[in-house]
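A structural walkthrough
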Amino acid sequence: MINIEIDGKQVTVAQGSTVMDAARQIGIYIPHFCYHKKLSIAANCRMCLVEVEKAPKPLPACATPVAEGMKVSTHSQQAVTAQKGVMEFLLINHPLDCPICDQGGECQLQDLAVGYGSSGSRYQEPKRAVTNKNLGPLIATDMTRCIHCTRCVRFGQEIAGIMELGMAGRGEHSEILTFVGRAVDSELSGNVIDLCPVGALVSKPFRYSARTWELSRRKSISPHCGLGSNLVVQVKKNRVMRVLPRENEAVNECWLSDKDRFSYEGLNSEDRLTVPMIRKSGQWQVCGWQEALAYAAEGISNVVKNQGPLSIGALGSAHSTLEELYLLQKLMRGLGSHNIDHRVRQSDFRTDAVLRGAPWLGMQIAEVSQLKAVLVVGSTLRKDHPLLAQRMRQAVKEGGQLSLINPSGDDQLTKIAYRAIVAPSAMLDMVLQVLKAAAEIKNIPVPGHIKSAANAVEVSEVARGIANSLINHAPAAVFLGNLAQHHPHFADLHCAALAVSKITEAQFGLLGEAANSVGAYSAGALPWSTGTHSVNKTVSEKVGLNAGQMLGLGSPDGEPACSAYVLLNLEPELDCYDTGRALQVMNKAEFVVSLSSYKGNIPDYADVILPVAPFTETSGTFVNTEGRIQSFSGVVPPLGEARPAWKILRVLGNLLQLEGFDYDSSEQVRAEIVSAEEEFVRGLNNALEAFSISENHQKNSGIERIGEIPIYQADPIVRRASSLQKTHDAVSPVAFASPGLLDKSGIQAGETVKIKQQDETIQLEISADTSLPDNCVRLACAHLQTSRLGGMFDEIKLEKL
């Protein structure tokens, strides 16, 4: 530790710290532009010049390391004169357009010019002008305003992992450019808007829509991925205008993914439902809440009365709040049915009988950055979990090793130590190879319940490398991604990866797909119950139908397992494992009640549509992938006649004359679920009690589909965010296959082909992808163009037109 003095105040800081670090520690502000605590030191703006005793000239505080006994003055005459001189240079070419600049009112240059600028300029020469750049649908530019702090350049290289922006030229001819006119496509690109200290980079969707002083700022939590990023939602006239990150080092640091930042456009979509609707005599009618709820309650009561409580099922989305999912399952169980589930994209439910608790990340999110070895099984990591992928990139930069087992070889924008790109049916064999290799290296027997399956595989060099990486680099972790959780052999993958983690002494976790993937377990939105919401099961439990059974996965002709369904924040034609079969089930059901924020295709199969408020218009709680409980309040009133889903479910419970539905607030519901936080956290457990993998676990001779969920198709709000739908990641689906498979099928890349799955056929363009396994076709799900097809990893057929 080193002792220095700043403006007469003593401070002790760690060796290697800078003067800027020391000043921040004791709350002394030093003006700056290029410095940012998460980025490397550039020291190119020179605004942070300070006077250091015995130094011949002012020094940049951001780049000057501390020394024992150093005395620094940040507001001496020498320091202030230097800072004013830098400000004068910065303003030589800066345009005087603050009234029309979107950054006006929250601009660092504007703020510091008040303190360090003069009332007039000594320069009479013409100001320079710079041509604007097209960076895509999310970022608007006015590069004449750029002061060349290079924050955006350093962010791309150091945080996003891709150098999409760079600086060319010298002196006043310097410019920030993209490479060969390309757009910025990173899933974290919006962060450069926050980083830009002037109005050179601003939000294109927000541009010219409001002034910063007109906006109210309210806290919220993102509903999109398992991270639960902390948000500042900015509101004008009861309309969400912009979303910014709220700093939380334990969760999202000071960053946001583009999905969290720009999805607010979907909240104001023309597809929003604002009034209840009922179907009578085959015709849709707009009605009042009293009539709609009475109609829904009567329809549910008739099905229960005539066919019994087991004939009704409920499907919720893990993007719903803890309170909404809890009341949904309470409604079902009050009717006498345990047919309730939220795992609509899961296809393998064999672990239900042996789960010990709610599957979770297995560690704190902040610990991911400190890992020295990571194995991720089944994940398009950057797109599924942008900010967790960013933390893994930081771990690799610090010497960690990242290994992947996946059916597709997307660029993760970081160094990959070992990569196994295999067909979905071969993923389990690959994990078993890692298990067998780890057992051989450590001279430990493979556990008996998995021994026969492990002995049946031959260990490859890649598998041995992954095992060595996990064993020799601690701390280590094994994670199962979204793709593994959707896999038809998810239970086997879970069991095998858990065994790998135990032998290698690594931590084990599941990367949560949605904001409440963990919370849905704790809310009891599952087909088993002990009479409470607990996930810890006993022998006296009652078990209902899981999501796969309710959505017809076991039914070859799509016959519904239930006569009536209650859907919460769900579009079955886009959000399920087998969307084609799910749609058949809904069309054949007698009575369907949909609680949704959007109309979409719901009128095709529903009988009652109840408009619910999205996360910005209701209060609630999300439990993120690390088990962190985060509550939030609504930031704007519900649109039109929409109402919070927990209120709708409460009233339905009262109309159905069920006990325990007398809540006055969502906080009362939350208190019933989270009675003791310590007990709640104890419910997080990835362990399986007893599960065996057979030797002939998988056989697949046909062409396999790799059915990923694109980043901007993952949930109803994002699907309706117009700017995100213009990005490269939201293009219309195209099938991808390896050149070997295309040659074998007699198909040329770029041709339109017939794609068959089950009894459905669509026509799509096909492209070559050298990173794919030979017997696979990569075809995105959650698009209307592909929604009539079958399961995400089921067999697929290609035919020339």
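Everything numeric here is computed off the predicted structure, so don't read it as measured data.

Next up on the list: helix H20 (residues 645–655). Within H20, burial applies to Ala645, Trp646, Ile648, Leu649, Arg650, Leu652 and Gly653. Gln657, located one to two residues past H20, shows a positive phi value of around 60 degrees.

Scanning the model with the defined rule gives 37 salt bridges in all. The shortest N-O distance in the salt bridge between Asp575 and Arg345 comes to 3.1 Å. With Asp575 in helix H18 (residues 572–575) and Arg345 in the loop between strand S16 (340–341) and strand S17 (373–377), this residue pair connects regions lying 230 residues apart in the sequence. Both residues of the pair, Asp575 and Arg345, count as buried. A salt bridge links Arg719 to Glu571; the nearest nitrogen and oxygen atoms lie 2.8 Å apart. Of the two residues, Arg719 sits in helix H23 (residues 716–719) while Glu571 sits in the loop between strand S24 (564–568) and H18, which places them 148 residues apart along the sequence.

This part takes up the packing of helix H8 (residues 322–335) against H20. Each pair of packed helices can be described by the angle between their axes along with the distance between the axes. The interhelical angle for the contact between H8 and H20, taken along N-to-C directions, is 20 degrees, at an axis separation of 9 Å. Between H8 and H20, the crossing angle belongs to the class labelled roughly parallel. The handedness of the crossing between H8 and H20 comes out as left-handed. Seen from H8, the contacting residues are Glu324, Leu327, Leu328 and Leu331; seen from H20, they are Ala645, Trp646, Leu649, Arg650, Leu652 and Gly653. Of the residues belonging to the contact of H8 with H20, the class tally is seven nonpolar, one polar and two charged.

Residues Met163, Phe179 and Val180 make up a contiguous nonpolar surface patch of roughly 320 Å² in combined accessible area. Structurally, Val180 is set in the loop between strand S8 (175–178) and helix H5 (191–195).

Summarizing the sequence annotation, UniProt attributes the feature "domain: 4Fe-4S His(Cys)3-ligated-type" (unreviewed entry) to residues 78–117 in the numbering used throughout. Secondary structure across residues 78–117 comprises 60% helix and 0% strand; the distance between its end C-alpha atoms is 16 Å.

Moving on: the domain arrangement of the chain. A common way to express how large an interface is: the accessible area buried when the components associate. Segmenting the chain into domains produces domain 1 (1–92), domain 2 (277–352 + 516–672), domain 3 (365–510) and domain 4 (703–800). Just the C-alpha atoms count here: the centres of domain 1 and domain 2 sit 57 Å apart.

What the rule picks out here adds up to three aromatic pairs. On the basis of an interplanar angle of 35 degrees and a centroid distance of 5.0 Å, the ring pair of Phe622 and Phe632 is categorised as tilted. Here the residue Phe622 occupies a position in strand S27 (residues 620–623), and Phe632 occupies one in strand S28 (residues 629–632), the gap between them amounting to 10 residues. Residue classification places Phe622 among the buried residues on the basis of a relative accessible area of 1%. Its guanidinium or amino end placed over the ring of Phe206, Arg242 lies 4.3 Å from that ring's centre, counting from NZ or CZ. The ring of Phe661 has Lys330 lying over it, and the distance from NZ or CZ to the ring centre is 5.6 Å.

Here the focus is the sheet that holds S16. Strand order in this open sheet of seven strands is S14-S13-S26-S25-S24-S15-S16, and the pairing throughout is mixed. Across the chains shown, the open sheet's two edge strands, defined by having one partner strand only, are strand S14 (283–286) and S16. Bridge count between strand S13 (residues 277–280) and strand S26 (residues 608–611): two bridges; the pairing is antiparallel. Bridging from a neighbouring strand, Ile278 pairs with Val608 of S26. The sheet contacts of H8 involve strand S15 (312–316), S16 and S24, and relative to S15 the element is tilted by about 175 degrees. Packing against the sheet, H20 makes contact with S24, strand S25 (591–596) and S26, and its axis sits at approximately 145 degrees to S25.

Here is what the cut-offs are and how they apply
Residues numbered from 1 in each chain as written. Predicted model: local features only at pLDDT ≥ 70, side-chain atom pairs only at ≥ 80, totals over all residues. Heavy atoms only, no water. Buried < 20%, exposed > 50% of the residue type's maximum accessible area, 1.4 Å probe, protein only. Helix = DSSP H or I, 4+ residues; strand = E, 2+ residues; numbered from the N terminus. Salt bridge = Lys/Arg side-chain N within 4 Å of Asp/Glu carboxyl O. Axes fitted to C-alpha atoms, helices over the stretch in contact; angles between N-to-C directions. Parallel < 35°, antiparallel > 145°, perpendicular 65-115°, else oblique. Left-handed = near helix turned anticlockwise from the far one by under 90°. Contact = heavy atoms within 4.5 Å. Nonpolar A, V, L, I, M, F, W, Y, C, P; charged D, E, K, R; others polar. Patch = residues over 30% accessible without salt bridge, like charges linked within 9 Å, V, L, I, M, F, W, Y side chains within 5 Å. Areas by Shrake-Rupley, 256 points an atom, 1.4 Å probe, with all protein chains shown as cover. UniProt positions renumbered as here; feature names shortened; annotations may be inferred. Domains from an automatic or database assignment. Phe/Tyr/Trp six-rings, centres within 6.5 Å; stacked < 30°, edge-to-face > 60°. Lys NZ or Arg CZ within 6 Å of the ring centre and 35° of its normal. Pairing = 2+ DSSP bridges.

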